[in-house]
Amino acid sequence: MTQHESKHMQAGVVGWPIGHSLSPRLHGYWLREHGIDGDYQAYAVKPENLKDFIRSLPAQGICGVNLTVPHKELVFPFLNYIDDLARKIGAVNFVRVEDDKLYGGNTDGYGFLTNLQENAPTWRPTAGPVAIIGAGGAARAAVVSLLESGVPEVRLYNRTKSRAEKLGQIYAEYYDPARLTVGDWVDLSSGLSDITLLVNTTTLGMKGQPPLEIDLSRLPNTAVVYDIVYNPLETDLLRAARERGNVIVDGLGMLLYQAAPAFEAWFGQKVKVDPAVRHYVLKGLEV
Ligand code: ATR
């Protein structure tokens, strides 16, 4: 019997607040699909209690957790090891417990890129510049995965330009600064004329948030439009892009693909992102 088969395994997602998370539904699906004696639950942990909670994972018998807002950045000092990718992205989205030690990693960039490759298979990273809207944590995962995959230039557009410039400074340590440029928010529409990919990493267009107002008339119709928002699944941005003939990629796949490697690390089982799990998780948005 392997270690993974020998006992009930507990994992979960830690956030504050946590009520809206789809992760328990997603991991619960895979646990049942593979008949694993395990459980994945939501842990509501206030920022001031994060250190005690994370440090107590081994004693609680928890094999790992995902981290969500606002803990992805706060958790760094409480871990024993953090991988290079998580350091570059500046966020840890999952922790694995092994021999009572806490290992932090980041699968958001992997989820972002795999979802893009699966849903826009003819898109080539080296074919030309891309534009990213936003400069928060989600933008960092997108920036790192796109630059790592060979995109010649990532153009950042953020309402607060100084935040985008800060990212430019951070990544100048890792990449040629000419590959990460910052545009003015007001020039967003005119900066789209030569791009191969447009990504929204902001909350604009999400249910309950203002729409992302953007003029797509200069966007080549060969460009892919990717929105990391998944509620609604088809945002106004994606609908407008689809109606003018662009290939579109919604944000649900990023959630699914970022979860798969973490599941494998905790439970020792590879999982598939297929239409059935996508459909099941999507149903969770309706309840
Ligand atoms: P996350 O870590 O999920 O990316 P975040 O750090 O709060 O979340 O970032 C949210 C992004 O949405 C930011 O780029 C933010 O722009 P600012 O840096 O100017 O705040 C962007 N955003 C949120 N509301 C916005 C709005 N009404 N107009 C333009 N951008 C907005």
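Residues numbered from 1 in each chain as written. Predicted model: local features only at pLDDT ≥ 70, side-chain atom pairs only at ≥ 80, totals over all residues. Heavy atoms only, no water.

1. A closer look at the packing of helix H2 (residues 23-33) against helix H12 (residues 275-283)
Argument step 1. For the pair H2 and H12, interaxial distance at closest approach is 9 Å and the crossing angle is 140°. Considering their axes alone, H2 and H12 lie oblique with respect to each other. Taken as a pair, H2 and H12 cross one another with a handedness that is right-handed. Listed contacts from H12 to Arg25, Leu26, Tyr29, Trp30 and Arg32 of H2 are Ala276, Val277, Tyr280, Val281 and Lys283.
Argument step 2. For the contact of H2 with H12, a count of residues per class yields seven nonpolar, no polar and three charged. (Axes fitted to C-alpha atoms, helices over the stretch in contact; angles between N-to-C directions. Helix = DSSP H or I, 4+ residues; strand = E, 2+ residues; numbered from the N terminus. Parallel < 35°, antiparallel > 145°, perpendicular 65-115°, else oblique. Left-handed = near helix turned anticlockwise from the far one by under 90°. Contact = heavy atoms within 4.5 Å. Nonpolar A, V, L, I, M, F, W, Y, C, P; charged D, E, K, R; others polar.)

2. Quick notes on the UniProt feature "binding site: shikimate" (unreviewed entry) in the chain
Argument step 1. UniProt tags Ser21, Leu22, Ser23, Thr68, Asn93, Asp108, Tyr230 and Gln258 as "binding site: shikimate" (unreviewed entry).
Argument step 2. Within the secondary structure layout, Asn93 lies in the loop between helix H6 (84-89) and strand S5 (94-98).
Argument step 3. Not counting residues up to four positions away in its chain, the partners in contact with Asn93 are Val65, Asn66, Leu67, Lys72, Gly105, Asn106, Thr107, Asp108 and Gln258.
Argument step 4. One can find Tyr230 in the loop between strand S11 (224-227) and helix H10 (236-243).
Argument step 5. The class for Tyr230 is partly exposed, based on a relative accessible area of 22%. (UniProt positions renumbered as here; feature names shortened; annotations may be inferred. Buried < 20%, exposed > 50% of the residue type's maximum accessible area, 1.4 Å probe, protein only.)

3. Some details on the UniProt feature "domain: SDH C-terminal" (unreviewed entry) in the chain
Argument step 1. Taking the UniProt record as the reference, the feature "domain: SDH C-terminal" (unreviewed entry) is found at residues 251-274.
Argument step 2. Annotated as residues 251-274, this span is 67% helix and 0% strand, and its ends, taken at the C-alpha atoms, are 15 Å apart.

4. A closer look at the domain arrangement of the chain
Argument step 1. We note that the domain assignment places domain 1 (9-105 + 255-284) and domain 2 (109-249) within the chain.
Argument step 2. Using only C-alpha atoms to locate each centre, domain 1 and domain 2 end up separated by 26 Å.
Argument step 3. Between domain 1 and domain 2, the residue contacts involve twelve residues of the former and 15 residues of the latter.
Argument step 4. Here domain 1 packs against domain 2, burying approximately 1100 Å² in sum over the two surfaces, 69% of which is carbon and sulfur.
Argument step 5. Contact with domain 2 buries surface across domain 1, with Lys88, Ile89 and Tyr257 losing the most and accounting together for 60% of the total.
Argument step 6. Summed over the shared surface of domain 1 and domain 2, the number is one salt bridge.
Argument step 7. Its salt-bridge partner being Glu148, residue Lys88 comes within 2.5 Å of it at the nearest N-O pair. (Domains from an automatic or database assignment. Buried area = accessible area lost by both parts, 1.4 Å probe. Salt bridge = Lys/Arg side-chain N within 4 Å of Asp/Glu carboxyl O.)

5. Description of the sheet that holds strand S1 (residues 9-15)
Argument step 1. Spatial ordering of the open sheet is given by S2-S1-S3-S5-S6-S4, a layout of six strands whose pairing is mixed. Each edge of the open sheet carries a strand with a single partner, namely strand S2 (38-44) and strand S4 (81-82).
Argument step 2. In the sheet, S1 pairs with strand S3 (residues 62-67) via five bridges, with the strands oriented parallel. Looking across to S3, one finds that Val13 is bridged to Asn66.
Argument step 3. On the sheet, H2 packs against S1, S2 and S3 and is oriented at approximately 175° with respect to S2.
Argument step 4. Its contacts with the sheet put helix H11 (residues 252-267) on S1, S2, S3 and S5, and the angle it makes with S3 is roughly 165°. (Pairing = 2+ DSSP bridges.)

6. A short note on the environment of Tyr226
Argument step 1. For Tyr226, the location among the structural elements is in strand S11.
Argument step 2. Placed 54 residues apart in sequence, Tyr226 and Tyr280 show a C-alpha to C-alpha distance of 22 Å.
Argument step 3. Ignoring anything within four residues of it in the chain, the contact list for Tyr226 reads Gly111, Phe112, Asn115, Leu116, Leu197, Leu198, Val199, Asn200, Leu238, Val249, Asp250 and Met254.

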